[in-house]
Amino acid sequence: VVYEQEGVFIHSSCGKNDDQDSLISGVLRVIEKENEVIVDWRPLDDTLDTANILCAGKDSSSVVEWTQTPKEKCSRGADRPSSYEAEWDMVTTVSFKKKPHSNGDATTHANGESKWSFLFSLTDLKSIKQNKEGMGWSYLVFCLKDDVKLPALHFHHGDSKLLIKCLKKHVVLNESPQDKRILLVNSQNKSLSQSFENLFDEPSYGLLQKLKKDPYTVTMGRFSKVTNYIFDSFRLSDPSSQRRPPSEMADFLNDAIPGLKINQQEEPGFEVITRIDLGKQPEVTRREPVSAEEWAKNMDSEGRILNVDYIKQLIFKGGLCHTLRKEAWKFLLGYFPWNSTKEERANLQKRKTDEYFRMKLQWKSVSEEQEKRNSRLRDYRSLIEKDVNRTDRTNKFYEGEDNPGLILLHDILMTYCMYDFDLGYVQGMSDLLSPVLYVMENEVDAFWCFVSYMDQMHQNFEEQMQGMKTQLIQLSTLLRLLDSGFCSYLESQDSGYLYFCFRWLLIRFKREFSFQDILRLWEVMWTELPCQNFHLLLCCAILESEKQQIMDKHYGFNEILKHINELSMKIDVEYILCKAEAISMQMMNCKELPQAVSEILGIESSSVTPDSDTGEDESGAVLSCPTSLYQSISTPVIAANGTRDSTQHTSETQSLAPA
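Position numbers for residues start from 1 in each chain and track the written sequence from start to end. Local features in this predicted model are restricted to residues of pLDDT 70 or higher, and side-chain atom pairs are both shown and tallied only at a pLDDT of 80 or more, whereas totals for entire chains, interfaces and linings draw on every residue. Side-chain measures here rest on the full set of heavy atoms in the structure, leaving out hydrogens and waters.

*Asks:* Go over the overall build of the protein with me, naming the residues and quoting the values.
*Replies:* Each helix is a run of H or I in the DSSP string that is no shorter than four residues. Each strand is a run of E no shorter than two, and both are numbered from the N terminus. Looking only at helices and strands, the protein has 25 helices and 15 strands in total. For the exposure calls, accessible area comes from a 1.4 Å probe over protein chains only, and a residue counts as buried if that area is under 20% of its type's maximum, exposed if over 50%, partly exposed in between. Sorting the 659 residues of the protein into buried and exposed places 54% on the buried side. The long-range fraction of contacts in the protein, counting pairs at least 24 apart against all pairs at least 6 apart in sequence, stands at 69%. Reported accessibility uses the Shrake-Rupley method at a 1.4 Å probe radius. Residues are deemed covered only where the shown protein chains occlude them. Total accessible area on the protein is roughly 29500 Å²; 47% of this is exposed by carbon and sulfur atoms. The criterion used for residue contact is that any of the two residues' heavy atoms lie within 4.5 Å.

Structure below.
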């Protein structure tokens, strides 16, 4: 019990005398129970007339049920729910239903609880209405997800502020723009903070409900274990009690991201895409990493980069040697302007150092008492500490419990909450920071590089997940152009929504590749070559590589989910980079590239096939691709298997030229 208050009354307006209310005194409690938080009100006096009281019970399926007594209708008419702001719709809506009343003699439920008491989970709470200040007793009205209102609770022995403060530890409450008395529940930040410790202590069906409620949390960290658990539980559980058809499970996942409607064959445009022949994928090779000598040769006496496009192309084709990363990443991420001099960069670092430590001082100077009154800061700190403790320790930079790297990780993330307090901290951000801090080996530089990275990734972590929705839809469009047959197979197995790619996109493959490989992958992506959204082509490359096994072995919904997540740490980064580049060349050289694909890849064309067209336009697309991509490079190359090609290629990227 984390909150308890006596003297909390229900005023029933259907008393035996019309000029007075029936007052039912009770105790209100907030209870932390396993993985949920319960609000519980129960009366002190069980001798009152039950016919006057609205009551809620809880059935065996943990769905709150509303019981209507014969006289209830006289008080419900004026208490109809009003329409408030739509709250975050990732959380499952709980359905409510009328429960039959049994001849007026049911003073207790089968579980022995009083008929008048009610309880509900905070996950079912939609809003809280408060009284106007100075208007008698303080009262609250809880409105649940199906716009069912519970009776007003009147606080005769004190006000309701302590209860609101307690609830804010578990949910985010925001004032409604329409009515400041109404607090709307925003579940995101709190749901993101749920830990994994008890994730596997429930039947598979309950686990899928968690997956629907909070795909962020479930797909992070231990998602591969989650899918193993789902798969194993389907095979081993009692079919009569827990088994659900895969299509029903798919519906849970498909609905998890509101507004995500993809891979529907009847939608306009897809029929055209399925008829386009992209031709054979070209052979692609990669070069050795950019050396310190190559980097220095491309810099003038004042420290300016001479040919930005050329150096980006070198990085795209081979990455960077590790000694260069500390300097080059600052340019790639936008912390250092490409045209800046060495002196200008030194002055910038000095200003940014002062700015960083001013922000750090803000949260460092907050006392424990102040933090107790700032629920958001307290919640950010708690979630950061949990995520930092789960940091990948395979890298020596983060070994040990009191490692300085972990301390810096914590401090930078806390300071970022000061920098962007509205977004704050969301699970997954530590994954984006840890490689940056490892490379920079400097707190200030790591912070500002992380800020630049978050400017790119911001939409992935926003409340409505618009960035994630857009990327999944775009990925579906690209994959259908690349292989419509594979898309159709995935749809036939209720996997067309590509939900298994969620984690890839959310944290840019951070948990799919080894620590060293992710450094290479990220620096290649940061060049923004050879087109926009190259990370989506990386997803296509991985999926196409696994297509044969998935289709040959007739994998269903559960097997696909399990297989994709077991790829973690088993993907060859050089092979996937080669394959993704080859796919980009296929699409760029296509004469009838659909308009939707052209926009996703950022390819300007004088004549492309509109999605709704018949695809009969024979004129070739005029591609607007980075010209530096087709410049000659005289360097040794490395094939995807890592073997060195002894020949010197005078024009390694000659085959990239558009048709």
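Following the structure, the description resumes.
*Asks:* A description of the packing of helix α11 (residues 322-332) against helix α21 (residues 515-526) should follow, citing residues and the corresponding values.
*Replies:* Where helices are involved, their axes are fitted lines through C-alpha atoms of the stretch in contact, as for all axes, and angles between N-to-C directions lie from 0 to 180°. At their nearest, the axes of α11 and α21 sit 11 Å apart, and the two run at 35° to each other. Handedness of the crossing formed by α11 with α21: left-handed. Here H322, R325, W329 and L332 of α11 come into contact with α21, specifically with Q516, L519, R520, E523 and W526. Amino acid classes used here: Ala, Val, Leu, Ile, Met, Phe, Trp, Tyr, Cys and Pro are nonpolar; Asp, Glu, Lys and Arg are charged; the rest, including Gly, are polar. Split by residue class, the contact of α11 with α21 holds four nonpolar, two polar and three charged. Two helices crossing with the near one rotated counterclockwise from the far one by less than a right angle form a left-handed crossing, whereas a clockwise rotation gives a right-handed crossing.

*Asks:* Describe the packing of aromatic side chains, naming the residues involved and giving the relevant values.
*Replies:* Each aromatic pair joins two rings of Phe, Tyr and Trp (for Trp, the six-membered one) with centres within 6.5 Å, and gets the label stacked for planes under 30 degrees apart, edge-to-face for over 60, and tilted for any other angle. Inspection of the entire model under this criterion finds 24 aromatic pairs. With 5.1 Å between their ring centres and 70° between their planes, Y453 and W522 make a pair best called edge-to-face. Of the two residues, Y453 sits in helix α17 (residues 443-457) while W522 sits in helix α21, which places them 69 residues apart along the sequence. Site record: aromatic cluster; members linked through ring pairs are Y356, F357, Y416, Y419, F447, W448 and F450.

*Asks:* I'd like a rundown of the nonpolar core, residues and numbers included.
*Replies:* The criterion is simple. A nonpolar core is a set of buried Ala, Val, Leu, Ile, Met, Phe, Trp, Tyr and Cys residues joined through side-chain atoms within 4.5 Å. Counting 124 residues, the largest nonpolar core has W295, M429, F461, F509 and M587 as its most contacted members. Ignoring sequence-local partners within four residues, the contact set of F509 consists of R503, W504, I518, L521, M525, H535, L538, C539 and I542. If you look at the next biggest cluster of nonpolar residues, it comprises 28 residues, including I24, F142, L150 and F155.

*Asks:* Before we move on, could you go through the pattern of salt bridges and cite the residues and values that matter?
*Replies:* Should a side-chain nitrogen of Lys or Arg be within 4 Å of a carboxyl oxygen of Asp or Glu, the pair is scored as a salt bridge. All told, the structure shown has 26 salt bridges when counted by the stated rule. Residue D40 pairs with R42 through a salt bridge whose shortest N-O separation is 2.7 Å. In this structure, K547 engages D483 in a salt bridge whose closest nitrogen and oxygen atoms are separated by 2.5 Å. Of this pair, K547 sits in helix α22 (residues 534-552) while D483 sits in the loop between α18 (466-482) and α19 (484-492), and the two are 64 residues apart along the sequence. Taking relative accessible area as the criterion, D483 reaches 14% and is therefore assigned buried.

*Asks:* Give a description of helix α16 (residues 429-440) that names residues and reports values.
*Replies:* Relative to the 16 Å expected for twelve residues at 1.5 Å per residue, α16 spans 17 Å between its end C-alpha atoms, a close match to the ideal helical length. Within α16, twelve of the twelve residues are buried, which leaves the element mostly enclosed by the surrounding structure. Buried within α16 are the following residues: M429, S430, D431, L432, L433, S434, P435, V436, L437, Y438, V439 and M440. Along its buried surface, α16 packs onto α11, α14 (375-389), α15 (404-419), α17 and α21. Helices are assigned an expected span. That span is 1.5 Å times one less than the residue count.

*Asks:* Quick rundown of the sheet that holds strand β8 (residues 125-130)? Include the residues and the values.
*Replies:* Reading across the sheet, the nine strands line up as β7-β3-β2-β1-β10-β9-β8-β12-β11 and stay open at both edges, with antiparallel pairing between neighbours. At either end of the open sheet lies a strand with only one pairing partner, and these are β7 (118-121) and β11 (172-175). Along the sheet, successive strands turn relative to each other by an average axial angle of 30°, direction set aside. As paired elements, strand β9 (residues 138-144) and strand β10 (residues 153-155) share three bridges and run antiparallel to each other. Bridge pairing in β10 links S138 to F155. DSSP calls a pair of strands paired once it identifies at least 2 bridges connecting them.

*Asks:* Hey, could you go over the pairing of strand β3 (residues 36-43) for me, with residue numbers and the actual values?
*Replies:* Of all eight residues in β3, six are buried, a share of seventy percent or more. Counted along the chain from strand β2 (residues 22-33) to the antiparallel partner β3, the turn is two residues long, and its residue E34 has a positive phi close to 50°. Two strands pair when backbone bridges link them, and β3 and β7 are joined in this way by four bridges, in the antiparallel orientation. Its bridge partner being in β7, D40 is matched across the sheet by L119.

*Asks:* Give me the side chain of T341: which residues, what numbers.
*Replies:* Examined against the element boundaries, T341 turns out to sit in the loop between α11 and α12 (342-364). Filtering out sequence-adjacent residues up to four positions away, T341 remains in contact with E302, G303 and R304.

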